[in-house]
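Reading the structure
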Amino acid sequence: MRMELKVDQLFRRRLYQQMDALVTFSDAERIFGQRTIRISNGVDFDSIPLHTPHAPHLSPLTSLHLIGVAEVHPWHAFDRVLTGMGEYHGDVPVFFHVVGGVHPNHMKNVFAPIIERYHLHDKVIFHGTLFGDELTQVFNQCQFAIGSLGRHRSGITVIKTLKNREYATRGIPFVYSETDSDFDSQPYVLKAPADESPIDIQQIIDFMAGFTMRPEEIRKTVEHLTWKIQMQKVVDAIGQSHKYM
């Protein structure tokens, strides 16, 4: 991965000189001295089914099932969830479903010690990589989703991740730690601090105890984030600049 990044770094500064603009998911107005077109990461509604949880929402909760979907890297910081589960001593059983690949070194050096220390063997389920109906079935077992919790580890504070948009399109509430202007004020989102503190599991339980939004209501808030609408911003921006050339 580092070699691939070096190749990218070698050529990117040459490439941007040939561009009319750079498209970015950040808030940066200029990158490499070139103007930017700022859009959000987009979603395809037709490929993402609506969340239909197996169990109806109950208050108080009888159990809490969390889901994190990612090709797991350090910046996802799922270890913060595991540590939070270990330090949680409430009455509601909590389970964490991890969907996606986990590198053996990450499993051995990061996840396994936490699972061992807090005896979480029966509370953390590693499903591996899933797609389609298999992925949807796991989603429907869960009530709350885990976004990225460690972007600060790679020096990123503002980003518009695809995962946040996929969760919202499914219609499941979620937590993340970065700044994402599309979701920071949404009522179905919890913001975690951008640090190394364990995730507060009791906070999630309390949040879900009073949560009443339906999946279709959550999904409706991201209708403007379809790829068609987001890419139209690029087309309009380029067309406008060429108009005055």
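Residues numbered from 1 in each chain as written. Predicted model: local features only at pLDDT ≥ 70, side-chain atom pairs only at ≥ 80, totals over all residues. Heavy atoms only, no water.

1. Some remarks on the sheet that holds strand β2 (residues 30-31)
Strand pairing in a sheet takes place through backbone hydrogen bonds and is either antiparallel or parallel in direction. Put simply, the rule reads: Pairing between two strands is assigned when DSSP locates at least 2 bridges connecting them. Only DSSP runs of H or I reaching four residues or more are called helices, and only runs of E reaching two or more are called strands; each is numbered from the N terminus.
The mixed open sheet is built from 3 strands, whose spatial order is β1-β3-β2. Looking at strand neighbours, the two that pair on one side only are β1 (22-24) and β2, the edges of this open sheet. Alignment of β1 against strand β3 (residues 34-38), held across 3 bridges, turns out to be parallel. Bridged to Thr 24 within β3 is Arg 38.

2. Looking at the sheet that holds strand β4 (residues 64-69)
Note the following rule: Simply put, an axis is a line fit to the C-alpha atoms, just over the touching stretch for a helix, and the angle between two N-to-C directions goes from 0 to 180 degrees.
Spatially, the 6 strands line up as an open sheet ordered β6-β5-β4-β7-β8-β9, and their pairing is parallel. Because the sheet does not close on itself, it has two edges, and the strands there are β6 (124-128) and β9 (189-191). Pairwise comparison of adjacent strand axes, ignoring direction, gives a mean angle of 25° for this sheet. As defined by bridge partners, β4 adjoins strand β7 (residues 144-146) across 2 bridges and the pair is classed as parallel. Bridged to Ile 67 within β7 is Ala 145.

3. Describing the environment of Glu 71
Cut-off, in case you're wondering: The criterion used for residue contact is that any of the two residues' heavy atoms lie within 4.5 Å. Under this definition, polar contacts are N or O atom pairs within 3.5 Å; protein pairs additionally need one hydrogen-donor-capable and one acceptor-capable atom, and for neighbouring residues in sequence, both atoms have to be side-chain atoms.
As for its position among the elements, Glu 71 is in the loop between β4 and α2 (78-87). Through-space distance from the C-alpha of Glu 71 to that of Asp 184 is 24 Å; in sequence the pair is 113 residues apart. Apart from residues no more than four positions distant in its own chain, Glu 71 is found in contact with His 76, Gly 101 and Thr 129. In this structure the side chain of Glu 71 is engaged in a polar contact, spanning 3.4 Å, whose partner is the backbone nitrogen of Gly 101.

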